Amino acid sequence: MAQASEAHPSLSSKAATHVGIYLQDDCLMHRFIRSRDTSSIVERPERLHAVKVGLAAAIARIEEAEGSLKHSDVNVSVEDELAAALGKMNIAKTDSGLIRARNVSVIRSTATVDLLDHQAVKYVHGDIDGDVYLQNLKSWARDSEENINKKGSEIPEGMPPLDLYLCPTSIDAIQGAIGAVCQAVDSVIVSTRTGAATTPPQPQRAFVAVRPPGHHCGEDTPSGFCFVNNVAIGAAHAHLMHGIQRVVILDIDLHHGNGTQSIIWQINEETYRQTLESEYSPSESNSPPSKHGPQIFYGSIHDVLSFPCEDGKMSLVQAASTSIHGPHGQHIENIHLQTYDSEPYFWDILYKERYSALLRKAAEFLDSTGGPGDDVMVFISCGFDACEHEYPSMSRHNRKVPTSFYHRFTTDTCAFANTYAHGRVVSVLEGGYSDRALSSGSMAHLCGLMGDTIRVDESWWNVENLVKLEKATKSRKSGRPSLGDPLAEAWLARTSELLLHLDVNRTQLQQSRHWVPPTSMTLRDRKKPSSGSSTPEVARKPGKGTHTYAVSSGSSASVSASDSETVSPPRVAAKKLPRVILHVRPPTDAPQ
């Protein structure tokens, strides 16, 4: 990255970078209702609470570093608690009045989309003969309770029932997640356009804490808790609505983003075909230049022994090991996580020589396609399940990273974006399942998004401080964290105060009227997929009381005018992209 910075001066402005945190409460509405037994369900609404704990702690620490955290914050009275509780009733779109950190804002997004009437969604998941997959998805969710009562499962036969679930309100969560991602894209691009000025200032970087995740979902292949591909849709939205022509997607989830890579391969293939046609086809002298699709770099750091590769299926392992840069218009880099026995070895050898190569390859992609420019956008598919604090059953191959990875890699990515993309970065939540992995990872990640604007102490997320954080934010019977502990450190009391506001709509699991007995199935259905099915196989479900490991990461459009100030250009017809060999699904005649 040092070489890239020396070759290209930073495009970002001298002003301090503003970071936006996007929350969408509709994402709490996606729940497992197949049975009362949720012991093996790790992709759960409570994941967002754990993320908010980490974000609140990061904001408190940032305020402390900026000198805006007062020692008196430890003395929270009963009246203060009451005021905080009453404040929760005012669900404003931002928490700008609450947050003292100079360059952080929380946006309570109400943006949503219609899956069947949104350009970017149709660009990624649309079908040439109609939106078959999207229509099916909506009907599966709508009829989920009825199908559970009739057949025992809401997931159609031939799809993996052990890593996918739906409920009647899942579509609200899915559409809300997309809406928040696209709203963040709008804000970041508007704020970083050359000569653009917004009041109040919009964020140049964003973290979008949404679920369900997205990076395992291909064009029409839900998998690994993912039903639509949030980041791919965000990239398509940036292209269709803002003219972004070059996109960098950096995937740091424990699991390979097979769905994202499949979609990106198809988009790049179509763009490459358009480029060749325009070069070799005669055109009239007065005709306008043809418009091409985007060029996208996809880079992933992941464990090749875990989902979706754990069964050793050749096509999936090959896809997760692909490295191709330029030929056929493809720009793909995959790096496999390795074990380490000491942090010096991790940072001096693995991170410096191996994992940072992802950014070097991304820099080569941009240099070869025109260098820095206003048409560049950077996304992070941000999964926290490679964290050292993840469930052992999830990271059983011991391919982990220290929590500080989420700070340093994010800091390096922001420096990369400063050089090539006017500083614009949109990070979207994918996986991460244990509370400690999510809270520590999101805390480190938000500090990384701040770049060099504050002095960060990586001891903030050491085990000792994480234990303190968990104790301070442990919910009472009322569901609210404890406030007013006279022995609490100032940052802990401030974290609890912030959490009351960030976690406004935390709700208990809503009971379904009808339940079926817990399933006794422990292995995946190995029957040949039904005709037309394109879903890859999934791994075994662990026994009761253990955590599912064959899942992953998982994570405006028709964002309403009130959610985005961007003026939409004329509608662009959705494109059907050709299928390619690295598509996530196996051939229908593949041996079982």
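Structure's up top.
Every value quoted in this text rests on a predicted model; they were computed, and no experiment measured them.

Rules behind the numbers
Residues numbered from 1 in each chain as written. Predicted model: local features only at pLDDT ≥ 70, side-chain atom pairs only at ≥ 80, totals over all residues. Heavy atoms only, no water. Helix = DSSP H or I, 4+ residues; strand = E, 2+ residues; numbered from the N terminus. Areas by Shrake-Rupley, 256 points an atom, 1.4 Å probe, with all protein chains shown as cover. Buried < 20%, exposed > 50% of the residue type's maximum accessible area, 1.4 Å probe, protein only. Pairing = 2+ DSSP bridges. Patch = residues over 30% accessible without salt bridge, like charges linked within 9 Å, V, L, I, M, F, W, Y side chains within 5 Å. Salt bridge = Lys/Arg side-chain N within 4 Å of Asp/Glu carboxyl O. Contact = heavy atoms within 4.5 Å. Polar contact = N/O pair within 3.5 Å; in protein donor to acceptor, adjacent residues only side chain to side chain.

S.K.: What exactly am I supposed to notice about the overall build of the chain here?
M.R.: The secondary structure content of the chain amounts to 16 helices and 9 strands. In the form shown here, the chain has an accessible surface area of approximately 23500 Å², with 52% of it arising from carbon and sulfur atoms.

S.K.: Sorry if this is basic, but what is going on with the pairing of strand β5 (residues 295–302) here?
M.R.: Looking down a regular strand, the side chains alternate between one sheet face and the other. Here β5 lies mainly inside the structure; 7 of its 8 residues are buried. Looking at chain direction, strand β4 (residues 246–251) and β5 are connected through 6 bridges and run parallel. Residue pairing in the sheet places V247 in a bridge with I296 of β5.

S.K.: Would you take a moment to explain a nonpolar patch on the surface for this structure?
M.R.: There is a patch of nonpolar side chains on the surface, built from Y272, L276 and Y280 and spanning about 330 Å² of accessible area. Tracing the backbone through its elements, the reader meets Y280 in helix α9 (residues 258–280).

S.K.: Explain the environment of W491 to me, please; I cannot follow it from the model alone.
M.R.: Looking at the element boundaries, W491 is found in helix α16 (residues 490–502). C-alpha of W491 to C-alpha of I59: the two residues are 432 residues apart in sequence and 9.1 Å apart in space. Once you skip the residues sitting within four places of it in the chain, W491 turns out to touch A57, A60, R61, E64, L69, N465 and L469. In this structure the side chain of W491 is engaged in a polar contact, spanning 3.1 Å, whose partner is the side chain of E489.

S.K.: Could you clarify how one ought to interpret the pattern of salt bridges in this entry?
M.R.: It is possible for side chains of opposite charge to pair when their charged atoms get near one another. In total, this model carries 24 salt bridges according to the counting rule given. The closest approach of N and O atoms between E64 and R61, which form a salt bridge, is 2.9 Å. Taken as a pair, E64 and R61 lie in helix α2 (residues 46–66) at a separation of 3 residues, close to a single helical turn. On the basis of relative accessibility, which here comes to 7%, the residue R61 falls in the buried class. Residues joined by salt bridges that share partners form a network here, namely D25, K52 and D503.

S.K.: What am I meant to see in unusual backbone geometry here?
M.R.: The linkage connecting R211 with the following residue, P212, adopts the cis geometry, with an omega of 0 degrees. Note that the residue after F307, namely P308, is joined by a cis bond; omega there is 5 degrees. Mapping P308 onto the fold places it in the loop between β5 and α10 (314–319). A positive phi angle, close to 60 degrees, is found at H328, a residue other than glycine. Looking at the secondary structure, you find H328 in the loop between β6 (323–325) and β7 (331–336). If you check the backbone angles, H422 has positive phi at about 55 degrees while not being a glycine. Relative to the helices and strands, H422 resides in the loop between α13 (405–420) and β9 (425–429).

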